[in-house]
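Survey of secondary and tertiary structure
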There are 2 protein chains.
Amino acid sequence: MMSDVKPDGRYSERLLMGPGPSNVSARVREAIARPLLGHLDPDFLSLMSEIQELLRQVFLTSNRLTLPVSGTGSAGMEAALVNFLEPDDSVLVGVHGVFGQRMAEVARRCRARVEVVEAPFGQPLDLDELRSAARKSNPRVVAVVHAETSTGVLTPLEPVRRICDETGSLLLVDAVTSLAGLPLRIDDWGLDIAYSGTQKCLSCPPGLAPLTVSQRAAERLANRKSRVQSWYLDLSMVQNYWGSERTYHHTAPISMNYALLAALQEAVEEGLEERWRRHERNHLALVAGIEAMGLRMYVQPKFRLWSLNTVTIPEGVDDERVRARLLRDFNLEIGGGLGSLKGRVWRVGLMGESSRMRNVLYFLHGLERALAAEGFHCPPGGGVQAAATS
Amino acid sequence: MMSDVKPDGRYSERLLMGPGPSNVSARVREAIARPLLGHLDPDFLSLMSEIQELLRQVFLTSNRLTLPVSGTGSAGMEAALVNFLEPDDSVLVGVHGVFGQRMAEVARRCRARVEVVEAPFGQPLDLDELRSAARKSNPRVVAVVHAETSTGVLTPLEPVRRICDETGSLLLVDAVTSLAGLPLRIDDWGLDIAYSGTQKCLSCPPGLAPLTVSQRAAERLANRKSRVQSWYLDLSMVQNYWGSERTYHHTAPISMNYALLAALQEAVEEGLEERWRRHERNHLALVAGIEAMGLRMYVQPKFRLWSLNTVTIPEGVDDERVRARLLRDFNLEIGGGLGSLKGRVWRVGLMGESSRMRNVLYFLHGLERALAAEGFHCPPGGGVQAAATS
């Protein structure tokens, strides 16, 4: 049987192998359905403390100011930028994908002076260029995307930290698609501000944005000359709710925090390093399968994300038709390209619960069939076999 | 038995009679726990259309631009203000509670010229003052709180609309604690921008902010001279995801939208007017009980909210001790006062699922016991009896 669609036409649970959300475990789904507590209930306050402690564990940090922002990943991005930029501050942004572009755009809306260092979508940033630009503009903040969800490209952060040390800049990092899926070490690497999303390698529904802030950056926040332009995302107030004062700011998304707690518990129980290795193994299996099918990965090996795999769409194959077929016949979602990569790549997520060998095999099987329908024939079962023996 | 705490020390579901969140039905909890779909999945896109259609029904509007903002009520407030104010625009804000203060503060952060008309917490706005102020400053936007959650005071909106008609101002309304709990008629009353929260009279967990925008206000948005300072809340982009284009902006909080759909279905199945009447009936029963106990409501009858009841704390009674006792012995949450009303009132929510006669009776019973422990003795059973016969 080639598909998992049930005979009555109703779908079983979708297999989510796009750029996020990823699949969510039964335990997280049970957690999100729990009866509500008030946002100032002592039981909820103690749950908040647990969340913060577990967030520190997955971020590998002792930062006091570590909390989930009450919005999706882009709200985390905005919180990171509006709190640490003031009008006319200089900020240097590495742009080689949609999320770098977005950071630059959000920074402009903070009325900061924004410089960008660009690389083509699918390529890594040129660190020499980044260093020269930083030396020239002496930015208050250097902002890079650790794991570009739009291209599948990794930015190694330790070299960027060394650049920031030269110029005394704060290092701000988009860790949306890396947190809990690949090595990210906030304290060891000296990252000042990092945000993520819940719906990627943490396998929690979207709706919260984990954020962590170093002591150095927290001091900068405390010494701002102007008010943060966003009231909702103003960390100088939000931290009083998540801190020992527990002062009401806005009503926390209660159910989402239940889900996040369960997802964090699962990540920590698995073990962070073991979880990274699982993401690596399944990524390598996917690559082996893709290449055995005669397809190509879009990103050079050294800079590939384990969580988000960009596959070049072969000549003559219709992007949307293949994705629609995977969805309809295999109940399986993958993502299309964004921005300049639209129609040129597929984005195959292997994040959190979705990063499983059975999903790799099933995807390769489905892709082989979908490509055959497009007239693109791979060695039968070759992808699956290569992945299974990788 | 005076309490519902289980013998093993674990609590049954908390009875939420504070300022929100309110209790959530089993149907909504089942919905929020559903397996995830991707935010561009055709099944999710059709669910979004259903949500929008039902939101129009509960807002009593045909506004095309009607959608849930991806954050809690305060994110809805910020979205309402940042999108419709530009730097140096004049805005007039009615302030007689914490949420009016918050609107003024958010508007200042938009660099608008903010005028306020103030009334003491617990009092209604003086409409003559509002009219004079509007005539003087000719504001682009007049902003008022329909149902002040911090004080329990209603602002009648039709007179405010007439003031706005004189000055050609857009009317912006905080409907957080009124939507689906008391009469709110967006189109009939000519409200231009209104936002709410999900965790009040809709009885959905917190995490989304329903928002609706009139055609006139949407045109103003389209003709802005400056970019909206918040990228996350920029409706000119968000509306392309919720509109027919379905262009990706940010990942929608999928599970929260499942919950909202179920909550909206429940509200519409009950019937909006019937739901308002239920809120009114239970409010009147509560008032009868409170007064029979020798206590006083803080707000004059004409301006009382059905959803949020402020009760004056009697002389010599300790606010926090009573609330802690209700929580511990009765598993029942009510709210304390905010701002200048801290320690002076209790806020008793009767919102959505929580607005039930059985809750009114149980609360009055618990309050009688908690007051007795404070040395404040009411006629035994008098509150419960008066409520039951109201």
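All of the points below concern the structure found in this document.

What counts, and where the lines are drawn
Residues numbered from 1 in each chain as written. Chains lettered and ligands numbered in written order. Predicted model: local features only at pLDDT ≥ 70, side-chain atom pairs only at ≥ 80, totals over all residues. Heavy atoms only, no water. Contact = heavy atoms within 4.5 Å. Buried area = accessible area lost by both parts, 1.4 Å probe. Salt bridge = Lys/Arg side-chain N within 4 Å of Asp/Glu carboxyl O. Helix = DSSP H or I, 4+ residues; strand = E, 2+ residues; numbered from the N terminus. Expected span 1.5 Å × (residues − 1). Polar contact = N/O pair within 3.5 Å; in protein donor to acceptor, adjacent residues only side chain to side chain. Buried < 20%, exposed > 50% of the residue type's maximum accessible area, 1.4 Å probe, protein only. Pairing = 2+ DSSP bridges.

What follows covers the interface of chain A and chain B. Every contact between the two is made by 57 residues of chain A and, on the other side, 57 residues of chain B. A combined buried area of about 4600 Å² lies between chain A and chain B, and 58% of that area is made up of carbon and sulfur atoms. Of all residues in chain A, Leu36, Arg109 and Trp231 of chain A bury the most surface against chain B, accounting for 17% of the area lost on that side. Linking chain A with chain B are eight salt bridges, by the criterion used here. Among the ionic pairs, Asp234 of chain B bridges to Arg109 of chain A, the shortest N-O distance being 2.8 Å.

Residues and elements named next belong to chain A. The end-to-end C-alpha separation of helix α2 (residues 42-59) is 26 Å, in line with the 26 Å expected for 18 residues at 1.5 Å each. Against the buried residues of α2 lie β2 (65-69), β9 (193-195), β10 (209-213), α8 (235-242), α9 (254-270) and α10 (272-292). Taking the backbone nitrogen of Asp43 as reference, a side-chain oxygen 2.9 Å away marks Asp41 as the first, capping residue of α2. Directly after α2, the chain includes Leu60, whose backbone phi takes a positive value near 55°.

Here we take up helix α9 (residues 254-270) of chain B. All names here are of chain B. With 17 residues, α9 extends 25 Å from end C-alpha to end C-alpha; this agrees with the ideal 24 Å at 1.5 Å per step. Within α9, 13 of the 17 residues are buried, leaving the element largely enclosed by the surrounding structure. Positive backbone phi, approximately 100°, marks Gly271, located one or two places after α9.

Here the focus is the pairing of strand β2 (residues 65-69) of chain B. Residue and element names in this part refer to chain B. Most of β2 is tucked away: five of the five residues are buried. Summarising the sheet, β2 and strand β10 (residues 209-213) pair through five bridges and their orientation is antiparallel. Residue pairing across strands places Pro68 opposite Pro210, the latter belonging to β10.

Attention shifts here to the pattern of salt bridges. Inspection of every chain in the model, using the stated rule, returns 56 salt bridges over all chains. Taking the shortest distance from any N to any O, the salt bridge between Glu274 of chain B and Arg277 of chain B comes out at 3.5 Å. On the criterion of helical spacing, the pair formed by Glu274 of chain B and Arg277 of chain B is a turn pair, its members being three residues apart in helix α10 (residues 272-292). In the salt-bridge network here, residues are joined through shared partners; they are Glu105, Arg108 and Arg109 of chain A together with Arg227 and Asp234 of chain B.

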